[in-house]
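# What the coordinates show
Below, each chain spelled out in residue letters.
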Amino acid sequence: MADEVILLDYWPSAFGMRTRIALEEKDIKFDHREQDLFNKSQILLEMNPVHKKIPVLIHNGKPVCESLIQVEYIDETWPKGNSLLPSDPYQRAQAKFWGDFIDKKVSGPTWVLWGGKGEEQEAGKKEFIEVLKTLETELGDKTYFGGETFGYVDIALIGFYCWFDAYEKFANFSIEAECPKVIAWAKRCLKRESVAKSLPDSDKITKYVPELKKRLGME
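Residues numbered from 1 in each chain as written. Predicted model: local features only at pLDDT ≥ 70, side-chain atom pairs only at ≥ 80, totals over all residues. Heavy atoms only, no water.

Selection rule: UniProt positions are given in the numbering used here, feature names are shortened, and annotations may be inferred rather than shown by experiment.
Identification of the chain as Glutathione S-transferase from Brassica cretica is taken from an unreviewed UniProt entry. The heading Catalytic activity (unreviewed entry) in the UniProt record of the chain holds the text "RX + glutathione = an S-substituted glutathione + a halide anion + H(+)". We quote the UniProt Function (unreviewed entry) comment for the chain here in full: "Is involved in the conjugation of reduced glutathione to a wide number of exogenous and endogenous hydrophobic electrophiles."

## Description of the overall build of the chain
What counts is decided by this rule: Counting from the N terminus, the helices are the DSSP runs of H or I reaching at least four residues and the strands are the DSSP runs of E reaching at least two. Based on C-alpha atoms, the radius of gyration is set beside the globule rule, defined as 2.2 Å times the residue count to the power 0.38. Buried, partly exposed and exposed residues are distinguished by accessible area as a fraction of the type maximum, computed with a 1.4 Å probe on protein chains only: under 20%, between the cut-offs, and over 50%, respectively. Only heavy atoms matter for contacts: two residues are in contact if any of them lie within 4.5 Å across the pair. The positive count covers Lys and Arg only, the negative count covers Asp and Glu only, and His and the chain ends enter neither. Throughout, a charge is located at the NZ atom of Lys, the CZ atom of Arg, the CG atom of Asp or the CD atom of Glu.
For the chain, the count of helices and strands is twelve helices and four strands. For a compact globule of 219 residues, the expected C-alpha radius of gyration is about 17 Å, and the chain comes in at 17 Å, within 12% of that figure. Across its three principal directions, the C-alpha atoms of the chain cover 55 × 45 × 30 Å. Expressed as a percentage of the 219 residues in the chain, the buried residues total 49%. Considering only contacts within the chain whose residues lie at least 6 apart along the sequence, 68% involve residues at least 24 apart. Side-chain charges of the chain comprise 31 positive and 36 negative groups, with the mean position of each set lying 1 Å from the other.

## Digging into the packing of helix H4 (residues 89–105) against helix H5 (residues 107–115)
Applied cut-off: Lines are fitted to the C-alpha atoms to define the axes, a helix being fitted only along its stretch in contact, and any angle between axes, read from their N-to-C directions, falls within 0 to 180 degrees. For this scheme, ten residues count as nonpolar: Ala, Val, Leu, Ile, Met, Phe, Trp, Tyr, Cys and Pro. Four count as charged, namely Asp, Glu, Lys and Arg, and the remainder, Gly too, count as polar.
At a minimum axis separation of 4 Å, H4 and H5 run at an interaxial angle of 35°. The residues of H5 that touch H4, namely those facing Ile102, Asp103 and Lys105, are Ser107, Gly108 and Pro109. Its residues assigned to classes, the contact of H4 with H5 shows two nonpolar, two polar and two charged.

## Some points on the sheet that holds strand S1 (residues 5–9)
Within a beta sheet, neighbouring strands are joined by backbone hydrogen bonds and run either parallel or antiparallel to one another. Where we set the bar: Two strands qualify as a pair provided that DSSP identifies no fewer than 2 bridges between them.
The strand order across the open sheet formed by four strands is S2-S1-S3-S4, and the pairing between neighbours is mixed. Looking at the sheet topology across the chains shown, the edges are occupied by strand S2 (31–34) and strand S4 (62–65). Going across the sheet, the axis of each strand differs from the next one's by a mean of 20°, ignoring polarity. As paired strands, S1 and S2 are joined by four bridges and run parallel to one another. Across the sheet, Leu7 pairs through a bridge with His32, a residue of S2.

## As for the environment of Lys125
Residue position: Lys125 is located in helix H6 (residues 118–139). You can call Lys125 buried: its relative accessible area is 12%. When the C-alpha positions of Lys125 and Ala171 are compared, they lie 7.4 Å apart, and in sequence the two are 46 residues distant. Contacts of Lys125, omitting those with residues within four sequence positions, involve Leu113, Ala171, Asn172 and Phe173.

## Focus on the pattern of salt bridges
Close approach of charged atoms lets side chains of opposite charge pair. Basically, it comes down to this: Definition used for salt bridges: Asp or Glu carboxyl oxygen within 4 Å of a side-chain nitrogen of Lys or Arg.
This structure, assessed with the given rule, holds 15 salt bridges. Taking the shortest distance from any N to any O, the salt bridge between Arg215 and Asp36 comes out at 3.1 Å. Pair noted here: Arg215 is in helix H12 (residues 202–215) and Asp36 is in the loop between S2 and helix H2 (42–47), with a separation of 179 residues, a long-range link. Across the pair Lys125 and Glu122 runs a salt bridge whose closest N-O atoms are separated by 3.0 Å. Of this pair, Lys125 and Glu122 are both found in helix H6, three residues apart, which corresponds to roughly one turn of the helix. The class for Glu122 is partly exposed, based on a relative accessible area of 44%. The network of salt bridges with shared partners includes Glu72, Glu76, Arg92 and Lys96.

## Some details on the packing of aromatic side chains
For the record, the criterion: Each aromatic pair joins two rings of Phe, Tyr and Trp (for Trp, the six-membered one) with centres within 6.5 Å, and gets the label stacked for planes under 30 degrees apart, edge-to-face for over 60, and tilted for any other angle. Throughout this description, the term charge over a ring refers to an Arg CZ or Lys NZ atom that lies within 6 Å of the ring centre and within 35 degrees of the ring normal.
What the rule picks out here adds up to 13 aromatic pairs. Between Phe128 and Tyr167, the aromatic rings sit 5.4 Å apart at their centres with planes inclined by 80°, giving edge-to-face as the arrangement. Pair noted here: Phe128 is in helix H6 and Tyr167 is in helix H8 (residues 164–171), with a separation of 39 residues, a long-range link. Each member of the pair Phe128 and Tyr167 is classed as buried. For the ring pair Trp163 and Tyr167, a centre distance of 6.3 Å and an interplane angle of 25° mean the geometry is stacked. The two residues Trp163 and Tyr167 agree in class, both being buried. Ring pairing ties together the aromatic residues Trp114, Phe128, Tyr161, Trp163, Phe164 and Tyr167, which thus form one cluster. Directly above the ring of Trp11 sits Lys204, whose terminal nitrogen or CZ lies 4.4 Å from the centroid.

Here's what the structure looks like:
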């Protein structure tokens, strides 16, 4: 019997993009079910009753929550194809460290870049650039964060790239001027079919931001 794989997702979510990419890397067919986060569906509430958030990966009726946990689950459940996490225990631990760093540090200041103003936005801009510079140091001269192999840390970060134009427009700064290595890395990632298929167009994100701000009561 073929696996039934369903992804409850929201198209602009950098977290949902992680799971999409991981599934594409493993060539897993899945049913993508778009969710309205302002009117949550019964299936989302049933499958993620604790956080009530996307993405939710449902494999043969069983839910797996949290995007980086899903990436690891996908890698272990479908070991054929590209390995997403290193087999070496130390390298695996390092990859998880940087995935956790991205979860805690990258997403934090980003909302003020498109939704904040004044001093709050300036502080967010400074924090965001510092975080990217830390990631640039870790990337070094490698093709991907894992060396020559696209994997877990790349998947953790790349979804934010399609938001960069929106960050720059609404916060009035240039990410490439500050962090050229991150931009060059992102462009390399976009050459992969899994990434190109999973990331929405940056213009679509930027045009969506005013609507999102209205829905969130920020305007």
